[in-house]
Amino acid sequence: MPATYAVLHAVLSELRGLPIRSLLDLGAGPGTAAWAVSSLFADLERVTLVELDSRFTEIGNRLHPPGPVDWRAADLRVTPRLEPHDLVVCSYLLGELEDGVASRLLRAAWESAGEALVAIEPGTPRGFARIRVLRDELIALGAHLAEPCPHAAACPMREPDGCHFAQRLERTSLHRRAKSGTLGYEDESYSYVAVTRRPMDRALSRILRHPIQRPGHAVAALHSGGAGKEGRSAEGEGRLPPGPEGALG
Ligand SMILES: C[S@@+](CC[C@H](N)C(=O)[O-])C[C@H]1O[C@@H](n2cnc3c(N)ncnc32)[C@H](O)[C@@H]1O
């Protein structure tokens, strides 16, 4: 839970400007998204958590979720009618479902999302492949891409490349013991897509991979839309020259 909480917090903080008063979390587990959303959206009034496995619900209740939450026991493979909520979250859920089932659920989730929908999967080739499909499906449904892509054109990432991010979180000693780890932190890798009902301001470009640092300047591979990946040099304080320097392939 600490790792998925850290990821949810990072992803959802990008939507902080939206008027989110209600949350619908599908495949809620112990209620991770409720914790992240309540820490980011002060006007949150209503939380609905849909979870099939009662053991997660029990753990979630023992953690004393923030504010009143409405747990619903339902199997999301049989797509229920989802009530309207401002924000709908599918965090590490859709990758567990068959493709057709996930698509049906995604459609229902989008129909119930008044402001935004977020889908998160592990930052693995399989997780990213699922996110890429979801992204295409959401665009076809008329959703506006908010994050992480700077455009709504076809995704140019192809195997072995995948669009994934890493969220670092501190490990407590208990956390280290539970995971049999020695490091005081862990990096959780994830892929995601966030869409909104209304267009949001988006970054013009995304930096792909770590920039190469050279004396006096840095070289970054940028993705700004269009068919390919573009390379541009950033110099001095990081200002970018006006055009792409050359295709990186
Ligand atoms: C990997 S966990 C993620 C939990 C939480 N969303 C998070 O990010 O921390 C996936 C959750 O989806 C639930 N789930 C899987 N299939 C489901 C289904 N068909 N209907 C309802 N919940 C389901 C599982 O029980 C589990 O709690």
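Relevant structure appears above.
This is a predicted model, so every value here is computed, not measured.

A separate point is the overall build of the protein. When helices and strands are counted, the protein shows 6 helices and 12 strands. Considering only intrachain contacts with a sequence separation of at least 6, the fraction spanning at least 24 residues in the protein is 63%.

A few words on the packing of helix 1 (residues 2-12) against helix 2 (residues 32-40). One way to put it is that helix 1 packs onto helix 2 with a least axis distance of 9 Å and a crossing angle of 40 degrees. As judged from the angle between their axes, helix 1 and helix 2 are oblique. In terms of crossing hand, the pair formed by helix 1 and helix 2 is right-handed. Of helix 2, the residues touching helix 1 (which contributes Thr4, Tyr5, Leu8, His9 and Leu12) are Thr32, Ala33, Trp35, Ala36, Val37, Ser39 and Leu40. Split by residue class, the contact of helix 1 with helix 2 holds 8 nonpolar, 4 polar and no charged.

Let us now look at the site of the ligand. Around the ligand there are 18 residues in total, and Gly27, Gly29, Thr32, Leu52 and Ser91 lie nearest to it. Class assignment for the residues of the shell around the ligand results in 8 nonpolar, 5 polar and 5 charged.

Generally speaking, a soluble globular protein has its nonpolar side chains buried in company with each other. One finds Ala109, Val118 and Ala119 to be the most contacted residues of the largest nonpolar core, which totals 52 residues. Once residues within four sequence positions are removed from consideration, valine 118 is found in contact with Val11, Leu12, Val89, Tyr192 and Ala194.

Attention shifts here to unusual backbone geometry. Of note, the amide linkage connecting glutamate 147 to proline 148 takes the cis form, showing an omega dihedral of -5 degrees. With respect to the secondary-structure elements, proline 148 resides in the loop between strand 6 (144-147) and strand 7 (165-170). In this model, tyrosine 92 sits at a positive phi of 55 degrees, which is unusual for a non-glycine residue. In this structure, tyrosine 92 sits in the loop between strand 4 (85-91) and helix 4 (99-112).

Counting buried positions over the 9 residues of strand 9 (residues 206-214) gives 0, only a small fraction of the element. Inspection of the sheet shows strand 9 paired to strand 10 (residues 217-223) by 6 bridges, in the antiparallel sense. Residue leucine 208 lies in a different strand from strand 10, and its bridge partner there is alanine 221. Between strand 9 and the antiparallel strand that follows it, strand 10, lie 2 residues; glycine 216 among them carries a positive phi value of about 80 degrees.

Counting along an α-helix, one turn takes 3.6 residues, and residues three or four places apart therefore face a common direction. Residues Thr4, Tyr5, Ala6, Val7, Leu8, Val11 and Leu12 constitute the buried set of helix 1. Where helix 1 is buried, its residues touch helix 2, strand 4, strand 5 (113-122), strand 7 and strand 8 (185-196).

Over its 16 residues, helix 5 (residues 125-140) runs 23 Å from end to end, which matches the ideal 22 Å to within 8%, given 1.5 Å per residue. If you check which residues of helix 5 are buried, you get Gly127, Phe128, Arg130, Ile131, Leu134, Arg135 and Leu138. The arc that holds every buried residue of helix 5, seen down its axis, measures 155 degrees, which confines them to one face. Seen from the open side of helix 5, the exposed residues pointing more than 90 degrees away from its buried face are Arg126 and Ala140. Where helix 5 is buried, its residues meet helix 4, strand 5 and strand 8. Just downstream of helix 5, glycine 142 is the residue with a positive phi angle, here 95 degrees.

Procedures and definitions
Residues numbered from 1 in each chain as written. Predicted model: local features only at pLDDT ≥ 70, side-chain atom pairs only at ≥ 80, totals over all residues. Helix = DSSP H or I, 4+ residues; strand = E, 2+ residues; numbered from the N terminus. Contact = placed C-beta atoms within 7 Å. Axes fitted to C-alpha atoms, helices over the stretch in contact; angles between N-to-C directions. Parallel < 35°, antiparallel > 145°, perpendicular 65-115°, else oblique. Left-handed = near helix turned anticlockwise from the far one by under 90°. Nonpolar A, V, L, I, M, F, W, Y, C, P; charged D, E, K, R; others polar. Near = placed C-beta within 6 Å. Core = buried A, V, L, I, M, F, W, Y, C linked by C-beta atoms within 7 Å. Buried ≥ 20, exposed ≤ 12 C-beta atoms within 10 Å, placed from the backbone. Pairing = 2+ DSSP bridges. Expected span 1.5 Å × (residues − 1). Arc of directions from axis to C-beta.

Function cannot be read off these values alone, since they describe shape.
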